[in-house]
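Descriptive analysis of the structure
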Protein chains: 2
Amino acid sequence: MALKENSPIGVFDSGIGGITVLRELAARFPKENFIYLGDTARLPYGTKSPETIRKYGEQNLNFLIEKGVKAVAIACNSASTQIPEDSYRNIPVFNVIRPGAQMALQVSIDQRIGILGTRATVLSEAYQKAILRQAPNAFVIAEAAPLLVPLAEEGWIDDPVTNLIAYRYVQRLLQSRIDTLILGCTHYPLLKNSLLRAVGSSVTLVDSGAALAVHMSDFVAKNPNAGKHDKIQFYTTDASSNTEKLVKALMPNKEFDFLLADLC
Amino acid sequence: MALKENSPIGVFDSGIGGITVLRELAARFPKENFIYLGDTARLPYGTKSPETIRKYGEQNLNFLIEKGVKAVAIACNSASTQIPEDSYRNIPVFNVIRPGAQMALQVSIDQRIGILGTRATVLSEAYQKAILRQAPNAFVIAEAAPLLVPLAEEGWIDDPVTNLIAYRYVQRLLQSRIDTLILGCTHYPLLKNSLLRAVGSSVTLVDSGAALAVHMSDFVAKNPNAGKHDKIQFYTTDASSNTEKLVKALMPNKEFDFLLADLC
């Protein structure tokens, strides 16, 4: 695909949780165009094998590149662990791992960092390695928190059950006296209040989606939108009556086209 | 595919929860051969649209029919709601809906029946319609319980958090004075203790997988295995290190071949 002067930035996620990343990107780069792909027909990724996550991730990349994007931001942490931050078919690819690791090291005082993620993200050790590459003496500990995604999707936000489960997942991290916690999944910012309550005031939360937006500033400064401003194209692979409502609630000031993608 | 004298019965599920159904079938029909397909690369089905569930279900049917099965038992409740109990490419297809509804009506004294299922199963109203077709004056009420599947997969069996969530999901059903509760998802039998505690002794639980096995007795009597007895072929669409362990723990006396299927 030849790039046009108003080529969009592509964003993909296993579902619509990546809207927390799209929101950060759209707020930071208000003049840019975006195309979003949520693979809702096959979500979640975080419980699946590295091979399957990589296959789905590459199918998503191909879809976006064929739509003419100038870069791809991988919002999904599980997919980020399997697709290197590099380029794919000559299109720059950004993911959440290095930005999240970098921001955690910046805000941590004692270099004691915890990671909360899906099972795939934790087992990949991608965050752990990214942190230790930059700070070999840092202390890093990770915990898989599989129930947080369905709790967020169920909408049990600020719920006593969610507080209880959040507290259980961070127990071991707190015993290791972390001072910083990476929210290693696009859904977790939706449960921020429960997680804040669980970790207490001595731990700083790092949203890796927000870190990704900061990280892409250089690229956008060098490759700005030089054409007209379009609606955000919002693709999902499965039809759901909830998508439009949720997206509009989280990004009320943006205009969208809601579309269906057939990947499988 | 031409049928052979020892053609197996095919069983499919969105994941490996359907092993609770396979176990019932293998216990009731010890001379039969079985081939199982768990679509673990795309699970869960219960949060997805009817169209997507139907598409995946048909791909699973085609896979099993090409392997030469003499019948297919759909273990997955969400898929059962979208694929009629009938025949597909001339192969008889059984699902859990009618057997579950029938057994509930048999055990219920006051004909007040509750259904716990995935969102897709509840919204389809398949159980509700199957019950009312047989007993137009029955009282039927359904509740979607999306968190029970991830709780079972997380292994939080007999856990206080699971008890709390189970109790919340059955609240409204209990207020309607049901005397029977259909476990409308293959995962729920794994949480039987928590559900029993939540509903109390005045409610009878119905396992629709067990009901399906009873329901297939006629078919198996008329079409028995007339050849040799084979290992159970256990296909999944995603590789997981846990599958073998879990399957062997639940069916310790059976022999299996573990294989990978590429559907997507």
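Predicted model, so just to flag it, every value in this text is computed and none were measured.

Quite often, the size of an interface is put as the accessible area lost when its parts meet. Taken together, the contact between chain A and chain B spans 28 residues of the former and 27 residues of the latter. Roughly 2,400 Å² is buried in total at the junction of chain A and chain B, and carbon and sulfur atoms are behind 54% of that figure. The largest per-residue losses of area from chain A upon contact with chain B belong to Leu147, Arg168 and Cys264 of chain A, which jointly make up 23% of the total buried on that side. Where chain A touches chain B, the interface holds six salt bridges. For Arg119 of chain B, the salt bridge identified is with Glu154 of chain A, shortest N-O distance 2.7 Å. Taken together, the links from chain A to chain B amount to 18 residue pairs in polar contact (both at pLDDT 80 or more). For the side of chain A that touches chain B, the secondary-structure elements that each account for two or more residues are α2 (50–66), α7 (148–154) and α8 (160–175) of chain A.

All right, on to helix α9 (residues 192–199) of chain A then. Residue and element names in this part refer to chain A. Along α9, the residues that are buried comprise Ser194, Leu195, Ala198 and Val199. One face of α9 carries all of its buried residues, which in axial projection span an arc of 120°. Packing partners of the buried residues in α9 comprise β6 (112–117), α7, α8, β8 (180–184) and β9 (204–207).

This paragraph deals with the sheet that holds strand β2 (residues 34–38) of chain A. Residues and elements named next belong to chain A. Pairing is mixed across the open sheet formed by seven strands, whose spatial order is β4-β5-β3-β1-β2-β10-β11. Of all strands in the sheet, those with a lone pairing partner are β4 (87–88) and β11 (256–260), marking the two edges. Examined bridge by bridge, strand β1 (residues 9–13) and β2 share five bridges and lie parallel to one another. Looking at the pairing, Phe12 lines up with Leu37 of β2. Lying on the sheet, helix α1 (residues 19–28) is in contact with β1, β2, β3 (71–74), β10 (232–236) and β11; it crosses β2 at an angle near 170°. On top of the sheet, helix α12 (residues 242–250) reaches β10 and β11; it is set at about 150° to β11, its chief contact.

How each quantity is defined
- Residues numbered from 1 in each chain as written.
- Chains lettered and ligands numbered in written order.
- Predicted model: local features only at pLDDT ≥ 70, side-chain atom pairs only at ≥ 80, totals over all residues.
- Heavy atoms only, no water.
- Contact = heavy atoms within 4.5 Å.
- Buried area = accessible area lost by both parts, 1.4 Å probe.
- Salt bridge = Lys/Arg side-chain N within 4 Å of Asp/Glu carboxyl O.
- Polar contact = N/O pair within 3.5 Å; in protein donor to acceptor, adjacent residues only side chain to side chain.
- Helix = DSSP H or I, 4+ residues; strand = E, 2+ residues; numbered from the N terminus.
- Buried < 20%, exposed > 50% of the residue type's maximum accessible area, 1.4 Å probe, protein only.
- Arc of directions from axis to C-beta.
- Pairing = 2+ DSSP bridges.
- Axes fitted to C-alpha atoms, helices over the stretch in contact; angles between N-to-C directions.

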